[in-house]
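Spelled out, the chains give:
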Amino acid sequence: MTTSIAIDGPAGAGKSTIAKMLAEKMNFTYLDSGAMYRAVTLCALNKDIDLNNIEKLSELVKNLEIDVEYKNNEFKIYADNNEITNKIRSDKVDKNVSTIAQIKIIRDELVEKQREIARQKNIVMDGRDIGTRVLPNAEYKFYITATVHERAVRRYQDIINRGENNKDFQEVKDEIERRDKIDSNRKYSPLKKAEDAIEIDTTNLNKKEVLTKILHIIKKGE
Ligand code: DC
């Protein structure tokens, strides 16, 4: 039996940072499930597939080999053996990934892959539907939030840190609000707190404080 920890929440709430820190502390593997939706989006865009063409997208996702790796606290993702870890963070992928993530057949395929990975190793998995759908029996479920303003501040800071300054703050904030809306209102597995998930508002907490809170909850449950 393996142990799973599900971390869900909206874009920019700090899920992946916290999930990676937690995986390191617990000596678990880590899976960024959003990276898989991004991988499909990138490949569809590269192949010029019309994002309304469900048949073509379905063929793409069924034939695409997505591999993930978590080594030395670094997460990497590959599509058909090509590493695409950085490419999936492009503006174009950001803009289109919520559309791809609404499609049932894509979700079904990726959810199956995510469950398979969780069967093999103790895992911290982050996403939108991990606690509600992918791993409903996860031992621990957390729902990480922060105000839209705070999430936009963090995303904007990431962009600056990467040395890119092609967007202003308002654009970043609008993009987060747009994705929140699509992710929360979609028909299949919308972003939602699982009933048994513990919600942590990180607006006024730093990463270390969030991690301490989570570790405390896990220790109490042991
Ligand atoms: O976490 P992220 O921003 O990299 O996620 C990219 C998109 O993928 C996001 O808009 C919603 C979608 N997603 C999803 O629908 N289900 C998941 N488990 C993870 C991500």
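Let us look at the structure shown here.

Quick notes on the rules
Residues numbered from 1 in each chain as written. Predicted model: local features only at pLDDT ≥ 70, side-chain atom pairs only at ≥ 80, totals over all residues. Heavy atoms only, no water. Phe/Tyr/Trp six-rings, centres within 6.5 Å; stacked < 30°, edge-to-face > 60°. Helix = DSSP H or I, 4+ residues; strand = E, 2+ residues; numbered from the N terminus. Buried < 20%, exposed > 50% of the residue type's maximum accessible area, 1.4 Å probe, protein only. Pairing = 2+ DSSP bridges. Axes fitted to C-alpha atoms, helices over the stretch in contact; angles between N-to-C directions. Contact = heavy atoms within 4.5 Å. 1 Å grid on protein atoms, 1.4 Å probe; cavity = no way out; pocket = protein on both sides within 12 Å on 5 of 7 lines; lining within 4 Å. Points joined across faces, edges and corners; volume = space filled by probe spheres on them. Nonpolar A, V, L, I, M, F, W, Y, C, P; charged D, E, K, R; others polar.

A word on the packing of aromatic side chains
Within this structure, the stated rule accounts for three aromatic pairs. Taking the centre distance of 5.6 Å and the plane angle of 70 degrees together, the rings of tyrosine 30 and tyrosine 70 count as edge-to-face. Of this pair, tyrosine 30 sits in strand E2 (residues 29-32) while tyrosine 70 is found in strand E3 (residues 66-71), placing the two residues 40 residues apart along the sequence. Like tyrosine 30, the residue tyrosine 70 is buried in the burial classification. Between the aromatic rings of tyrosine 30 and phenylalanine 75, the centroid separation amounts to 5.5 Å while the plane-to-plane angle is 70 degrees, which identifies the pairing as edge-to-face. In this pair, tyrosine 30 is assigned in strand E2 and phenylalanine 75 in strand E4 (residues 74-79), connecting sequence segments 45 residues apart.

So, the pairing of strand E1 (residues 4-8)
Burial analysis of E1 places five of its five residues in the buried class, which makes it a mostly covered element. Taken together, the four bridges between E1 and strand E7 (residues 140-145) define a ladder with parallel strand orientation. Counted as the bridge partner of aspartate 8 is tyrosine 143 from E7.

A few points about the sheet that holds E2
On the basis of which strands lie adjacent, the open sheet formed by five strands has the order E2-E6-E1-E7-E8 and parallel pairing. Each edge of the open sheet carries a strand with a single partner, namely E2 and strand E8 (198-201). Shown here is a sheet whose adjacent strand axes are inclined to one another by a mean of 20 degrees, direction ignored. Two strands pair when backbone bridges link them, and E2 and strand E6 (residues 123-127) are joined in this way by four bridges, in the parallel orientation. Of the residues in E6, the one forming a bridge with leucine 31 is methionine 125. The strands touched by helix H5 (residues 104-120) within the sheet are E1, E2 and E6, with E6 carrying the most contacts at an inclination of about 160 degrees.

Overview of the side chain of threonine 29
Take threonine 29: it is sitting in strand E2. Residues within four places of threonine 29 in sequence aside, it is in contact with Ala23, Tyr70, Lys121, Asn122, Ile123 and Val124.

Focus: the layout of surface pockets
Approximately 250 Å³ is the volume attributed to the second largest pocket. Taken together, Met1, Thr2, Ser4, Arg115, Ala118, Arg119, Val134, Leu135, Pro136, Asn137, Ala138 and Glu139 make up the lining of the second largest pocket. In terms of residues, the lining of the second largest pocket owes the most to one element, H5, which gives three residues. Of the residues in the lining of the second largest pocket, the class split is six nonpolar, three polar and three charged.

Note that every value here comes from positions in space, so none of it alone points to a role or purpose.
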